[in-house]
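Listed below, chain by chain, are the residues.
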Amino acid sequence: MAGAVAWSAVVSAQPDAGRLPSPPGTEPRNDDIVVEGRRRGTTRTIEGTVHDVRDNPAAGAGSAADMLNTIPSVNVSPDGAVTVRGNGNVQVYIDGRPSAALSGENLAASLQSMAGGSIASAEVITNPSARFDSNGGAIINLVLNRARDDGLSGTVTANAGDHRRANAAFNGTYREAELSASLSASLRDDVRFTHIFDVRRRLSASGSETGRSVSRSRYTPTHARSANVRASIGYQPTDATELGADLVVTAGSPTNRVDERRLDYRADGEPLSVQNRVRGGTYVQNSSEISAYYQRRGSPTSASLKLAVQHGTTGLRSNRTFSTTRLFPVPDRTFERVLNRTESRTDRLALDYERPMGRALRLSVGSEWKRERNRYHNQRDLEEGSRDTAVDPVAPSLFEGVQRTAAGYVTLQALSGSWTLQVGARMEQIAIDTGLSADAVRRLRHLSGVNQSAAIARTFGDDQMVVRYSRTLQRIDTRDLNPAIVYIDAQNWRAGNPSLLPQRVTAIEAEYAFHRGSIDGSATLYYRRTDDTIAPRSEFLDDNVLLTTARNGGRSHSAGIEATASHGIGDGLRYSLTGNLFRADLSALDPSGLVDASSLSWSLQGSLDWAVTPADRLRLDGNVQGPGLVPQGRRSGTGALNLVWRHTLSPDLSLSLTAQGILLDTRVRTSIRTAAAIQLVERQSGGRAFLVGLSWKIR
């Protein structure tokens, strides 16, 4: 049994004391602070910041991942990892609800397959209150396009570019009387170029080098083909009530071949072995999700109710072949096949109820029940014809983890003049049932926690000050509980840890948002502490095999300041800048014990939106990420500059030119040091892309 106590507070001031912060997925209210810029606007609430992206040119040819890279505070790395202010624990919601397809190892591929043009707004909640299942991290809520007017409306977009990359998308909505429907469908063929340079130096107890391994991997152009379909239907018998259902289906399969050359050296620099390896095979990912909901919207004097039920499945099947030819000292050849398969199923039921208790007080209560079942299958076989009989295959394994979560929350919000105070608590009971095929004993664990939150806010005319505090329990990913060795390739293995403890996260931030004529912006001070940090531990085994396991470390901290500014010049030009400067301290477990490290890092995002003529619009987006810490090492930063030019041919037809990565640095250098070895890896992925597209409006 493990316990944790968490709480948060927010203070906000709003002119109309009778309104509450709207839940994710709802429209801005007239008591929110809204900063407009052309059609795209920024709405700040006591919970977070909503960015209208319907006119974002980057969404035309780009994916949801490309669109998110233009949102302040958000970064999507070349390998698809999503961070908010450097924090990698991010939950992605769709229309105010968590999505199984947008979680865990599915997140990167799902965001890449989703058309950016299907998104109406993105809400960034950096320090969620107790009513959200934030799992100790930030939330990005993507609100999709919905029918607003009667009749049929939509957009058809098609883009084609270099290296046979292409994409097409349809986003349509229909409304008639009480019925509404929407459909979003996209096909994408994205191309990536990847090169990896890996150097591993073995060390003696005194720290001197005893051997070295150097490998270079070159990928053929990776064509990541994907399909994504989202459909919804709604029935609104009254202005305040709505019934609806959503369906999502995605599939993706990148194809490539990897050629690797590896050289091993003795301590004196003499060659020890030379080998070539060719990797092929298939990699298929798919997901489906269906949900239904009922909601009754409230008012300052009436209660609101929302009920949602969801069922989702995801699957990932990797069937790879490795052909290794040893050239020196004794020529031989090895053939092996590695099968990794992941199957996940999620069922969720949630209830939210809110009612006024007088003119200045509102009570919110809710509950959530969720069951997540994950199965992981790993197998490595030497195929017939292999002459390397000295290599013992990793034992096949089938691991299953079932996590059941029952949660209930209560929040209370009080308003007085320009002040708002919100406090809340979320109680969670968690049961984790795990079993391994090679082990007849199943393990059952029970965890419990009380996540507490508080926030206080005040308005000063068009300005707003908000302070948020939270302390939450971050649940364990069942993949990290799998004790079996998962074979990735000959030099990289992974294993879990059945004894992991959940992390406890404390976060506080103070934000001041302002508006002065055509200038608006904000400044935020933030601090985040994680106890019992779960971090990967690297250990080098014989033959330069890197075994990565999950371990609880000590305590990690991060503290920084983020500033945003947006300025409109005349009617046709607007620019925005976001800068983040922070210090991170990380305590990770090394085979020799706890190792503390610290680093000062930064990030910078900027955009320029220019209406050159009434028919021409130009947009530049750029981001630069500074170096940072990884467990037992450090990692370099990345950067990119993108351009979109859009020309209106007619009221319903437009032409676009998209250049992604005009200036580009996707080389990520990672160094890991242990008592037994040092690893230096340089990975370059992504690449420049040029696309020409047409967009046709249906109305």
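Overview of the structure. These figures come from a predicted structure and were not determined experimentally. Within each chain, residue numbers correspond to sequence positions counted from 1 in written order. Where totals are concerned, whole chains, interfaces and linings use all residues; where local detail is concerned, this predicted model gives features only for residues with pLDDT of at least 70, and gives and counts side-chain atom pairs only at 80 or more. Hydrogens and waters are ignored; side-chain quantities use all the structure's heavy atoms.

Here's the deal with the environment of Ser 153
Stated precisely, the cut-off is as follows: Strands here are runs of E lasting at least two residues and helices are runs of H or I lasting at least four, both read from the DSSP assignment and numbered beginning at the N terminus. Using a 1.4 Å probe on the protein chains alone, a residue whose accessible area is under 20% of its type maximum counts as buried, one over 50% counts as exposed, and one in between counts as partly exposed. By the convention used here, residues are in contact when the closest approach between their heavy atoms is within 4.5 Å.
Counting through the fold element by element, Ser 153 comes out in strand S11 (residues 151–161). Given the relative accessible area of 30%, Ser 153 is considered partly exposed. Through-space distance from the C-alpha of Ser 153 to that of Ala 407 is 40 Å; in sequence the pair is 254 residues apart. Once you skip the residues sitting within four places of it in the chain, Ser 153 turns out to touch Asn 171, Gly 172, Thr 173, Ile 698 and Arg 699.

Looking at the layout of surface pockets
Put simply, the test is: Only protein atoms enter the 1 Å grid used here, on which a cavity is any set of points holding a 1.4 Å probe that cannot leave and a pocket is any open set flanked by protein within 12 Å on both sides along at least five of seven lines; residues with an atom within 4 Å of a point are listed as lining. Grid points are joined across faces, edges and corners, and a volume is the space filled by probe spheres set on the points. Each residue gets one label: Ala, Val, Leu, Ile, Met, Phe, Trp, Tyr, Cys and Pro are nonpolar, Asp, Glu, Lys and Arg are charged, and the others, such as Gly, are polar.
One number sums up the size of the second largest pocket: a volume of about 640 Å³. Elements supplying a minimum of two residues to the lining of the second largest pocket: strand S15 (209–219), strand S18 (258–266), strand S19 (271–296), strand S20 (304–328) and strand S21 (332–356). Residues that form the lining of the second largest pocket fall into these classes: eight nonpolar, eight polar and 14 charged.

Overview of the pattern of salt bridges
Stated precisely, the cut-off is as follows: Salt bridge, as used here: a side-chain nitrogen of Lys or Arg that lies within 4 Å of a carboxyl oxygen of Asp or Glu.
Tallying each qualifying case throughout the model produces 46 salt bridges. Across the salt bridge formed by Arg 504 and Asp 532, the nearest N and O atoms sit 2.8 Å from each other. One end of the pair, Arg 504, is in strand S29 (residues 503–516); the other, Asp 532, is in the loop between strand S30 (519–531) and strand S31 (534–540), with 28 residues separating them in the sequence. A residue is classified by how much of its surface remains accessible, and Asp 532, at 21% relative accessible area, is partly exposed.

Side note on unusual backbone geometry
With an omega of 10°, the peptide bond between Phe 328 and Pro 329 qualifies as cis. Within the secondary structure layout, Pro 329 lies in the loop between S20 and S21. Residues other than glycine seldom take positive phi values, yet Arg 85 does so here, at roughly 55°. Structurally, Arg 85 can be placed in the loop between strand S6 (82–84) and strand S7 (90–94). With a relative accessible area of 12%, Arg 85 lands in the buried category.

A few points about the packing of aromatic side chains
In this description, a pair of aromatic rings is defined by centroid distance and the angle of the planes. To be explicit about the condition: Each Phe, Tyr or Trp ring, with Trp reduced to its six-membered ring, pairs with another whose centre is within 6.5 Å; inter-plane angles below 30 degrees give stacked pairs, above 60 give edge-to-face pairs, and intermediate values give tilted ones.
Scanning the model with the defined rule gives three aromatic pairs in all. Both rings, one in Phe 460 and one in Tyr 512, keep their centres 6.3 Å apart while their planes meet at 35°; by these two values the pair is tilted. One end of the pair, Phe 460, is in strand S25 (residues 443–460); the other, Tyr 512, is in strand S29, with 52 residues separating them in the sequence. Residue class for Phe 460 comes out partly exposed when judged on its relative accessible area of 36%. Note on Tyr 512: relative accessible area 32%, which makes it partly exposed.

Here we look at the pairing of S15
We count it as follows: Only strands joined by at least two bridges in the DSSP assignment are considered to pair.
Here nine bridges tie strand S14 (residues 195–203) to S15, and the two strands are oriented antiparallel to one another. Residue pairing across strands places Asp 198 opposite Ser 215, the latter belonging to S15. Hairpin connection between S14 and S15: a loop of five residues separates the two successive antiparallel strands, and Gly 207 in this loop has a positive phi of roughly 95°. Looking at chain direction, S15 and S18 are connected through nine bridges and run antiparallel.

A short note on the nonpolar core
Short version of the rule: For our purposes a nonpolar core is just a set of buried Ala, Val, Leu, Ile, Met, Phe, Trp, Tyr and Cys residues, chained together by side-chain atoms within 4.5 Å.
Ranked by internal contacts, the top residues of the largest apolar core, which has 25 residues, are Leu 68, Leu 111 and Leu 142. When residues of this core are traced back to their parent elements, those giving at least two are helix H2 (64–68), strand S5 (74–76), S6, S7, helix H3 (107–113), strand S9 (119–125) and strand S10 (138–144). Sequence-distant contacts of Leu 111, that is, excluding residues within four places in its chain, are made with Ser 63, Ala 64, Ala 65, Leu 68, Val 82, Leu 102 and Leu 142. Core analysis: the next-biggest nonpolar cluster, separate from the first, contains twelve residues, Leu 447, Leu 481, Ala 484 and Leu 500 among them.

Let's talk about the pairing of S10
Among the seven residues that make up S10, seven are buried, leaving the element largely enclosed by the rest of the structure. Burial of S10 is two-sided: the residues Ala 138, Ile 140, Leu 142 and Leu 144 facing one way and the residues Ile 139, Asn 141 and Val 143 facing the other way are all buried. As paired elements, S7 and S10 share five bridges and run parallel to each other. Its bridge partner being in S10, Gln 91 is matched across the sheet by Ile 139. Both S9 and S10 contribute to a ladder of six bridges, which runs antiparallel. Counterpart to Ile 119 in the pairing with S10 is Leu 144.

What about the sheet that holds S31?
Counted only if it meets this: Orientation is described by lines fitted to C-alpha atoms, with helices fitted over the stretch in contact, and by angles between N-to-C directions that extend from 0 to 180 degrees.
In spatial order, the strands read S27-S28-S32-S31; together these four strands make up an open sheet with mixed pairing. In this open sheet, the two edge strands, each paired with only one partner strand, are strand S27 (486–489) and S31. The sheet shows a mean angle of 25° between the axes of neighbouring strands, taken without regard to direction. In the sheet, strand S28 (residues 492–495) pairs with strand S32 (residues 546–552) via four bridges, with the strands oriented parallel. From the neighbouring strand, Arg 494 faces S32, where its bridge partner is Thr 548.

Overview of the environment of Val 365
Its location among the elements puts Val 365 in strand S22 (residues 361–382). We classify Val 365 as partly exposed; its relative accessible area is 31%. For the pair Val 365 and Glu 343, spaced 22 residues apart in sequence, the C-alpha to C-alpha distance is 33 Å. Ignoring sequence-local partners within four residues, the contact set of Val 365 consists of Leu 351, Asp 352, Tyr 353, Tyr 409 and Val 410.

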